[in-house]
Amino acid sequence: MFKVYKLAKENRETIDKLLADDVLGRQTITYKDGTNYGYSSSYIVLIEGSEDIFKNVDSIAHGTLEALSKSKQQEIYKQLKDEENNSQNGMGFLFG
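Conventions and cut-offs
- Residues numbered from 1 in each chain as written.
- Predicted model: local features only at pLDDT ≥ 70, side-chain atom pairs only at ≥ 80, totals over all residues.
- Heavy atoms only, no water.
- Helix = DSSP H or I, 4+ residues; strand = E, 2+ residues; numbered from the N terminus.
- Buried < 20%, exposed > 50% of the residue type's maximum accessible area, 1.4 Å probe, protein only.
- Contact = heavy atoms within 4.5 Å.
- Salt bridge = Lys/Arg side-chain N within 4 Å of Asp/Glu carboxyl O.
- Phe/Tyr/Trp six-rings, centres within 6.5 Å; stacked < 30°, edge-to-face > 60°.

> So what about the side chain of Gln73? Which residues, and what values?
Its place among the elements puts Gln73 in helix 3 (residues 70-95). Among the residues examined, Gln73 registers a relative accessible area of 6% and is labelled buried. Those residues in contact with Gln73 that sit more than four places away from it in its chain are Phe2, Lys3, Val4, Ala67 and Leu68.

So this is what it looks like as structure tokens:
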């Protein structure tokens, strides 16, 4: 399961809190500058893991993370995975 959130840049410390948590720190947490995704004053935060971890996300973030609409989450998730795959393919080409 995954969720994509918007995080105001002034709340950057929320990402550190998520990564420092014992359970959440073992999940896949990706964050990027939101400019390329239509959110110039925010970070885009992707969290992948089991469904029950998202309760911890809410308690740690204290309302600083804003979940995007389902359609926007799907769109950005696809963009992030495409970028990831393209960079992996590029490295394979260089070192292949």
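> Which residues make up the pattern of salt bridges, and what are the values?
Summed over all chains, the structure comprises eight salt bridges. One salt bridge connects Asp33 with Lys9, and the closest N-O pair in it is separated by 3.0 Å. One end of the pair, Asp33, is in strand 2 (residues 28-33); the other, Lys9, is in the loop between strand 1 (2-8) and helix 1 (13-20), with 24 residues separating them in the sequence. The partly exposed category is assigned to Asp33, whose relative accessible area is 36%. Lys78 serves as the salt-bridge partner of Asp82, at 2.8 Å between the closest nitrogen and oxygen. Here the residue Asp82 and the residue Lys78 both occupy positions in helix 3, the gap between them amounting to four residues, near one helical turn. For Asp82, a relative accessible area of 34% gives the class partly exposed. Salt bridges here are not isolated pairs; linked through shared partners, they connect Glu48, Lys81 and Glu84.

> Residues and numbers for the packing of aromatic side chains, please.
In this structure the tally under the stated criterion is two aromatic pairs. Here Phe2 and Tyr77 contribute two aromatic rings whose centre-to-centre distance is 3.8 Å and whose plane-to-plane angle is 10 degrees, an arrangement assigned as stacked. Of the two residues, Phe2 sits in strand 1 while Tyr77 sits in helix 3, which places them 75 residues apart along the sequence. Residues Tyr31 and Tyr43 carry aromatic rings whose centres are separated by 6.3 Å and whose planes lie at 90 degrees to one another, so their mutual orientation is edge-to-face. One end of the pair, Tyr31, is in strand 2; the other, Tyr43, is in strand 3 (residues 42-48), with twelve residues separating them in the sequence. A relative accessible area of 31% means that Tyr31 is categorised as partly exposed. The class of Tyr43 is buried, set by a relative accessible area of 18%.

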